[in-house]
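Spelled out from the first residue to the last, the chains are:
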Amino acid sequence: MSAGDAWVRRHHAYREVVRGWPERALLACSGGIDSSALLVLAGIAVRRGDLAPFRVVYVDHLTRPSSEADGEFVARLGAQFGLTVIRRTINPDDVESRGMSPEERLRVLRYAALVRIAIESVNRAVVTAHTRNDQVETILMRLLSGASGLAVAGMSHTSTLSTQHDSVEIVRPLLDVERGELIEVLQRCGVEPIVDPTNEDRGYRRNAIRHDIIPMLQNIYPGFDTAIIRSVTLTARDADALESIADALAVQHIRFIDDIVFIPRSLLRDAHPAVATRLIRMAASRLMPENQRELTFERIDSVRYAVPRRTGSIIELPYGVVACIERSEVVFKRRGN
């Protein structure tokens, strides 16, 4: 594999990995194209002294018979660079799946496992192999679901995952790199990644978008991916400004007493709808689980529409949360409190 080192070190993907690599990090690797290429890029950087040694994590979802062999492949690939590979098994039935797709359920479990391993091994970050292709797919999925401006913007190069006990940074150094470039990296280094047959299953929404919708859009609008990333980036800037306004108002006006949240009724009545919507989401989200898939635009707007109307109205929200329209405040609490 060392014969390809010189070529790899000149590649911009290599520079992105070295530049974006955090201290005390784990690398998440499934053995597929993207994560295997990330492991090769980072492994060469370790071999050349551009990165300190790190640990690799393989999470086995137990969703197909070859998963154990896939873990062995990742272990062998990591060993070529002198890297330790941690293997962890998860059970897809160990998470409440209401309102979640199979993809989302596995993602929640996978990230929970990665965060636990990071904390256990005293690491502060997990590096993932999300690419520009993943970014476009994510943007399209969120657009089709009716997500808000910041959510539609897709993934950021860094984000934070919080748990009950600690938080871990998620780092995505390949977010500006095309998958085709990573395939070339693997070919140059003589690495044949694992091919997951479920990646062809159109029953998974992301696969349908990847194999059907994106090629169609590329055919109709060549270069659409660059345009859509630019458009949602601009939208996200506007949304971020609104979030800042809502955050400042929340600090000044929202009260918390135990598990009850109080927002002045006049604030929600007089604020711009985009700001009022964010304040309502903040209040309701505080009382809900991390996965708030059911807290939809329609649910939030039902509260906003009720604010200027009859005192005493009660709006039912997901997960047993209610919004009560009182004389001077809107009170968010769990049903029965």
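Every value quoted in this text rests on a predicted model; they were computed, and no experiment measured them.

### A word on the overall build of the chain
Okay, so step 1: The number of helices and strands found in the chain is 13 helices and eleven strands.
Okay, so step 2: Dimensions of the chain along its principal axes, counting C-alpha atoms only, are 75 × 45 × 35 Å.
Okay, so step 3: By residue count, 48% of the 337 residues in the chain fall in the buried class.
Okay, so step 4: For the chain, the share of sequence-separated contacts (at least 6 apart) that also reach a separation of at least 24 residues comes to 67%.
Okay, so step 5: About 17,300 Å² of surface is accessible on the chain, with carbon and sulfur atoms providing 50% of the total.
Okay, so step 6: Side-chain charges of the chain comprise 44 positive and 43 negative groups, with the mean position of each set lying 3 Å from the other.

### Thoughts on the packing of helix α6 (residues 132-145) against helix α9 (residues 205-220)
Okay, so step 1: For the pair α6 and α9, the least separation of the axes is 10 Å and the interaxial angle reads 100°. Of the possible angle classes, the one that applies to α6 and α9 is roughly perpendicular. Residues Asp134, Val136, Glu137, Thr138, Leu140, Met141 and Leu144 of α6 lie in contact with α9, whose contacting residues are Arg205, Arg206, Ile209, Arg210, Ile214 and Leu217.
Okay, so step 2: Of the residues contributing to the contact of α6 with α9, the split by class is seven nonpolar, one polar and five charged.

### Some remarks on the pattern of salt bridges
Okay, so step 1: In the structure shown here, the tally under the stated rule is 20 salt bridges.
Okay, so step 2: Arginine 88 serves as the salt-bridge partner of glutamate 120, at 3.2 Å between the closest nitrogen and oxygen. With glutamate 120 in helix α5 (residues 102-120) and arginine 88 in strand β3 (residues 84-89), this pair connects stretches of sequence that are 32 residues apart.
Okay, so step 3: Take arginine 88: its relative accessible area is 24%, and that puts it in the partly exposed class.
Okay, so step 4: A salt bridge links arginine 132 to aspartate 225; the nearest nitrogen and oxygen atoms lie 3.9 Å apart. In this pair, arginine 132 is assigned in helix α6 and aspartate 225 in helix α10 (residues 224-253), connecting sequence segments 93 residues apart.
Okay, so step 5: Take aspartate 225: its relative accessible area is 12%, and that puts it in the buried class.
Okay, so step 6: Shared partners join several salt bridges into a network, and the residues in it are Asp34, Asp134, Glu137, Arg179, Arg206 and Arg210.

### Concerning the nonpolar core
As a rule of thumb, nonpolar side chains are buried together in soluble globular proteins.
Okay, so step 1: One finds Trp21, Leu27, Val40, Leu41, Phe54, Val56 and Leu174 to be the most contacted residues of the largest nonpolar core, which totals 40 residues.
Okay, so step 2: At the level of secondary structure, the elements contributing two or more residues to this core comprise α1 (5-9), α2 (12-20), β1 (25-28), α3 (33-47), β2 (55-60), α4 (67-79), β4 (125-127) and α8 (179-189).
Okay, so step 3: Per element, the largest residue contribution to this core is nine residues, and it comes from α3.
Okay, so step 4: Every residue in contact with leucine 27, bar those within four places of it in the chain, is listed here: Trp21, Ser35, Leu38, Leu39, Ala42, Phe54, Arg55, Val56, Val57 and Val127.
Okay, so step 5: Leu267, Ala271, Ala306 and Ile315 belong to the second-largest nonpolar core, a separate cluster that totals 28 residues.

### A few points about the sheet that holds strand β6 (residues 167-171)
Okay, so step 1: The strand order across the open sheet formed by six strands is β3-β2-β1-β4-β6-β5, and the pairing between neighbours is mixed. Looking at which strands have only one partner, the edges of the open sheet turn out to be β3 and β5 (158-162). Between one strand and the next, the sheet's axes are offset by a mean angle of 30°, whatever the strand orientation.
Okay, so step 2: Of the strand pairs in this sheet, β2 and β3 are connected by six bridges, and their pairing is parallel. Across the sheet, residue valine 59 finds its bridge partner in β3, namely arginine 88.
Okay, so step 3: This element, α5, spans β1, β2, β3, β4, β5 and β6 of the sheet and lies at about 145° to β2.

### Some thoughts on the sheet that holds strand β7 (residues 255-257)
As a general point, the strands of a sheet are linked pairwise by backbone hydrogen bonds and lie either parallel or antiparallel.
Okay, so step 1: Reading across from one edge, β7-β8-β11-β10-β9 is the order of the five strands in this open sheet, with antiparallel pairing throughout. If you trace the sheet from one side to the other, it starts and ends with β7 and β9 (314-316), each paired once. Here the strands of the sheet are splayed against their neighbours by 20° on average, with no regard to which way each runs.
Okay, so step 2: Sheet topology note: the strand β8 (residues 260-264)/strand β11 (residues 329-334) ladder contains four bridges and is antiparallel.

### Quick notes on unusual backbone geometry
Okay, so step 1: Backbone geometry places arginine 24, a non-glycine residue, at a positive phi of 50°.
Okay, so step 2: Tracing the chain through its elements places arginine 24 in the loop between α2 and β1.
Okay, so step 3: In this model, valine 122 sits at a positive phi of 55°, which is unusual for a non-glycine residue.
Okay, so step 4: As for its position among the elements, valine 122 is in the loop between α5 and β4.

### Notes on the packing of helix α12 (residues 273-285) against helix α13 (residues 297-306)
Okay, so step 1: Where α12 meets α13, the axes come as close as 9 Å, and the angle between the chain directions of the two elements is 110°. One way to sum up the angle between α12 and α13 is to call them roughly perpendicular. Between α12 and α13 the crossing geometry is right-handed. Two secondary-structure elements touch here, α12 through Pro273, Ala276, Thr277, Ile280 and Arg281 and α13 through Ile300, Asp301, Val303 and Arg304.
Okay, so step 2: Its residues placed into classes, the contact of α12 with α13 shows five nonpolar, one polar and three charged.

Thresholds applied
- Residues numbered from 1 in each chain as written.
- Predicted model: local features only at pLDDT ≥ 70, side-chain atom pairs only at ≥ 80, totals over all residues.
- Heavy atoms only, no water.
- Helix = DSSP H or I, 4+ residues; strand = E, 2+ residues; numbered from the N terminus.
- Buried < 20%, exposed > 50% of the residue type's maximum accessible area, 1.4 Å probe, protein only.
- Contact = heavy atoms within 4.5 Å.
- Areas by Shrake-Rupley, 256 points an atom, 1.4 Å probe, with all protein chains shown as cover.
- Lys, Arg positive; Asp, Glu negative; His and termini not counted.
- Charge placed at Lys NZ, Arg CZ, Asp CG, Glu CD.
- Axes fitted to C-alpha atoms, helices over the stretch in contact; angles between N-to-C directions.
- Parallel < 35°, antiparallel > 145°, perpendicular 65-115°, else oblique.
- Nonpolar A, V, L, I, M, F, W, Y, C, P; charged D, E, K, R; others polar.
- Salt bridge = Lys/Arg side-chain N within 4 Å of Asp/Glu carboxyl O.
- Core = buried A, V, L, I, M, F, W, Y, C linked by side-chain atoms within 4.5 Å.
- Pairing = 2+ DSSP bridges.
- Left-handed = near helix turned anticlockwise from the far one by under 90°.

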